[in-house]
Amino acid sequence: MTASPGLDTPLPLPCGSVLPNRLAKAAMTEGVADQHLHATERHQRLYGRWSDGGAGLLITGNVMIDRRVLERPGNVAIDPVPAEGEPAGMEALRAWAREGTRNGNHLWMQISHAGRQSPRYVTSEPVGPSEVQLELMGNYARPRALTDPKILDFIERFGSVARTAKAAGFTGVQIHGAHGYLLSSFLSPVTNQRADRWGGSLENRARFLLEAVRSAREAVGPDFPVAVKLNSDDFRKGGFNHEECLRVVQWLNDEGIDLLEISGGTYEQPRLLGHSGDADTASEPGAVRASTRAREAYFLEYAEAIRKVCRCPLMVTGGFRTRSLMEEALASGELDVIGLGRPLCTDPDTPKELIGKRIDQAVNHEARLRLANTGWFSPASPLMPLKMINVLGAQAWYYQQIFHLADGEPVDLNLSVLGAFARYFGDELSTAFWLRRSG
């Protein structure tokens, strides 16, 4: 009789690689690239520290295929190069990969395009499947609809960046098809209103994602991990829903991916941040139920259905905190890898502490990261600006902790939400100005 997997159980992947354990640092945007959008010593310190922390897999934040349309200032961007060539900044990528794998763990590059979710202070002309503007505090311009040749160019870029990642020493890649970024926006009928081969039916809306995966696989070969991050549901009326997700998972099975990570939400419905957004979000199996929240993991209920159709290892990220739930989810076969994000921003040793059973749960700062617990200044405020300050302020608090780790400094647990919000936007605007001046 085979024993149930534990946190320390290795995981063989379809391509032949093996993850040393079942804990992963999920992708989190870093924002520490230089003025050329190249990796820096801050990436080395940050990922070296996370490598020391014991997770079997580290996934980077967004590495962009298009330097003109970034998720935020300070993203790493990699320009396309011929198969035999190397992009600028290659030595910095190699140094990042060395430090990020120094304890025998995997380090996978998350490859992405921001699409329409690129703020005005980064670009005045974001792109998307259609000219559907992101209406969020006036911070996003109307996107330009991509032409067919540009979509084909971007598909090639996903492959080119995957090839560069492998050459630099990263041990895998993840194609980002979630959270409303470009590939995700093509999946959604709300943002994809095209009438050509890239829009309309789900088969057409999923074509860009599937072609990007094929491009990456062709670039890296059959024995190198290629993963996908996919929304289990967009949590918005008329958007990419759970039933469509299940169909896309079946198509991804045919592409031979090595790991599927499920998440959910977009900037307009930030369920991935633990906030439910507005009330028009229900699609089967519906808004996250109380039972799921009681069990911490935001997307575990959706994983149960996905598990039934997914033929590759499954990773779930979002809300896991207690070791007991992690072990229960692994033992039940609901998933194969536990994704951890925010706890590693302040406590990077969390994975090895959980594996060693020296702690029973990961740190949880979320309950105190708000302007107020109730009323107008709470995350449930009826005023969207106050609601967004709570959401973005909590997010910014973790970004600031990442900066401290990247600089080799102690984290600042006393930082307030409002202070983090102010620092974050100050950093973003100054970095954007610096980038515009330098190039």
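So, how was this worked out
Residues numbered from 1 in each chain as written. Predicted model: local features only at pLDDT ≥ 70, side-chain atom pairs only at ≥ 80, totals over all residues. Heavy atoms only, no water. Helix = DSSP H or I, 4+ residues; strand = E, 2+ residues; numbered from the N terminus. Rg over C-alpha atoms; globule rule 2.2 N^0.38 Å. Buried < 20%, exposed > 50% of the residue type's maximum accessible area, 1.4 Å probe, protein only. Contact = heavy atoms within 4.5 Å. Areas by Shrake-Rupley, 256 points an atom, 1.4 Å probe, with all protein chains shown as cover. Lys, Arg positive; Asp, Glu negative; His and termini not counted. Charge placed at Lys NZ, Arg CZ, Asp CG, Glu CD. Patch = residues over 30% accessible without salt bridge, like charges linked within 9 Å, V, L, I, M, F, W, Y side chains within 5 Å. Salt bridge = Lys/Arg side-chain N within 4 Å of Asp/Glu carboxyl O. Expected span 1.5 Å × (residues − 1). Polar contact = N/O pair within 3.5 Å; in protein donor to acceptor, adjacent residues only side chain to side chain. Axes fitted to C-alpha atoms, helices over the stretch in contact; angles between N-to-C directions. Left-handed = near helix turned anticlockwise from the far one by under 90°. Nonpolar A, V, L, I, M, F, W, Y, C, P; charged D, E, K, R; others polar. Pairing = 2+ DSSP bridges. Core = buried A, V, L, I, M, F, W, Y, C linked by side-chain atoms within 4.5 Å. Parallel < 35°, antiparallel > 145°, perpendicular 65-115°, else oblique. pLDDT = per-residue confidence, 0-100.

## A few points about the overall build of the protein chain
Working step 1: What the protein chain contains, in helices and strands, is 14 helices and 14 strands.
Working step 2: Here the C-alpha radius of gyration of the protein chain, 20 Å, is about what a compact globule of 439 residues would show, namely 22 Å.
Working step 3: Projected onto its principal axes, the C-alpha positions of the protein chain cover 55 × 50 × 45 Å.
Working step 4: The burial tally for the protein chain puts 62% of its 439 residues in the buried class.
Working step 5: In the protein chain, of all internal contacts separated by at least 6 residues, the share reaching a separation of at least 24 is 69%.
Working step 6: Total accessible area computed for the protein chain in this model is approximately 16400 Å², and 51% of it derives from carbon and sulfur atoms.
Working step 7: Mean positive and mean negative side-chain charge positions of the protein chain (48 and 52 charges, respectively) differ by 2 Å.

## Describing a nonpolar patch on the surface
Working step 1: A surface patch of nonpolar side chains, amounting to about 500 Å² of accessible area, comprises Leu371, Trp376, Phe377, Leu383 and Leu418.
Working step 2: Position of Phe377 among the secondary structure elements: in the loop between helix H12 (350-355) and helix H13 (384-406).

## Some points on helix H1 (residues 41-52)
Working step 1: Taking 1.5 Å per residue, 12 residues should reach 16 Å; H1 reaches 16 Å between its end C-alpha atoms and fits that length.
Working step 2: Among the residues of H1, His43, Leu46, Tyr47, Gly48, Trp50 and Ser51 are the ones counted as buried.
Working step 3: The residue sitting at the N-terminus of H1 and contributing the capping side-chain oxygen is Thr40; that oxygen lies 3.2 Å from the backbone nitrogen of Arg42.
Working step 4: In the stretch just after H1, Gly54 is the one whose phi turns positive, near 105°.

## Describing the packing of helix H7 (residues 242-254) against helix H9 (residues 300-309)
Working step 1: At a minimum axis separation of 9 Å, H7 and H9 run at an interaxial angle of 35°. Considering only the axes of H7 and H9, their crossing is right-handed. Facing His242, Cys245, Leu246, Val249, Gln250 and Asn253 of H7, the residues of H9 in contact are Tyr302, Ala305, Ile306 and Val309.
Working step 2: Of the residues in the contact of H7 with H9, the class split is 7 nonpolar, 3 polar and no charged.

## What about the pairing of strand S7 (residues 106-112)?
Working step 1: Most of S7 sits inside the fold, with 7 of its 7 residues counted as buried.
Working step 2: Of the two faces of S7, the one lined by His106, Trp108, Gln110 and Ser112 and the one lined by Leu107, Met109 and Ile111 are each fully buried.
Working step 3: Direction of pairing for strand S4 (residues 57-59) relative to S7: parallel, over a ladder of 3 bridges. From the neighbouring strand, Leu58 faces S7, where its bridge partner is Leu107.
Working step 4: As paired elements, strand S5 (residues 63-64) and S7 share 2 bridges and run parallel to each other. Along S7, the bridge assignment pairs Met64 with Ser112.
Working step 5: Across 4 bridges, S7 lies against strand S10 (residues 172-177) in parallel orientation. Within the sheet, the bridge partner assigned to Met109 lies in S10 and is Val173.

## Structural notes on the nonpolar core
Working step 1: Residues Leu93, Ile175, Phe208, Leu230, Leu260 and Phe320 are the most contacted members of the largest nonpolar core, which totals 111 residues.
Working step 2: Element by element, the count of residues in this core is highest for H13, at 9 residues.
Working step 3: The residues contacting Phe208, other than those within four sequence positions of it, are Ile151, Phe154, Ile155, Phe158, Leu182, Leu183, Phe186 and Trp198.
Working step 4: The next biggest cluster of nonpolar side chains, apart from the first, holds 14 residues, and it includes Ala24, Ala26, Ile59 and Trp108.

## Here we look at the environment of Ser130
Working step 1: Considering the arrangement of structural elements, one finds Ser130 in the loop between strand S8 (127-128) and strand S9 (144-145).
Working step 2: What makes Ser130 buried here is its relative accessible area of 8%.
Working step 3: In the structure, Ser130 is positioned 187 residues away from Thr317 in sequence and 29 Å away in space, judged by C-alpha atoms.
Working step 4: Sequence-distant contacts of Ser130, that is, excluding residues within four places in its chain, are made with Pro143, Ala145, Thr191, Asn192, Gln193 and Arg194.
Working step 5: Within polar-contact distance, the side chain of Ser130 engages the backbone nitrogen of Gln193 at 2.8 Å.

## Observations regarding the pattern of salt bridges
Working step 1: Within this structure, the stated rule accounts for 29 salt bridges.
Working step 2: The shortest N-O distance in the salt bridge between Arg157 and Asp153 comes to 3.0 Å. Taken together, the positions of Arg157 and Asp153, both in helix H3 (residues 148-168) and 4 residues apart, correspond to about one turn of that helix.
Working step 3: Here Arg157 falls in the buried class, since its relative accessible area comes to 13%.
Working step 4: The exposure class of Asp153 is partly exposed, given its relative accessible area of 23%.
Working step 5: In this structure, Glu211 engages Arg214 in a salt bridge whose closest nitrogen and oxygen atoms are separated by 2.9 Å. Within this pair, Glu211 and its partner Arg214 are both found in helix H6 (residues 207-220), separated by 3 residues, close to a single helical turn.

## Let's talk about the packing of helix H2 (residues 90-100) against H3
Working step 1: Contact geometry for H2 and H3: axes closest at 8 Å, N-to-C directions at 60°. Relative to H3, H2 is oriented oblique. As for how H2 packs across H3, the hand of that crossing is right-handed. Every residue of H3 that contacts H2 at Met90, Leu93, Arg94 and Ala97 is listed here: Thr164, Ala167 and Ala168.
Working step 2: A breakdown of the residues in the contact of H2 with H3 according to their chemical character gives 5 nonpolar, 1 polar and 1 charged.

## Section: the confidence of the model for the protein chain
Working step 1: Averaged over all residues, the pLDDT of the protein chain is 91; the fraction at 70 or higher stands at 92%.
Working step 2: Every residue in residues 272-295 scores below 50 in pLDDT, and together they form 61 contacts with partners more than four places removed in sequence or on other chains.

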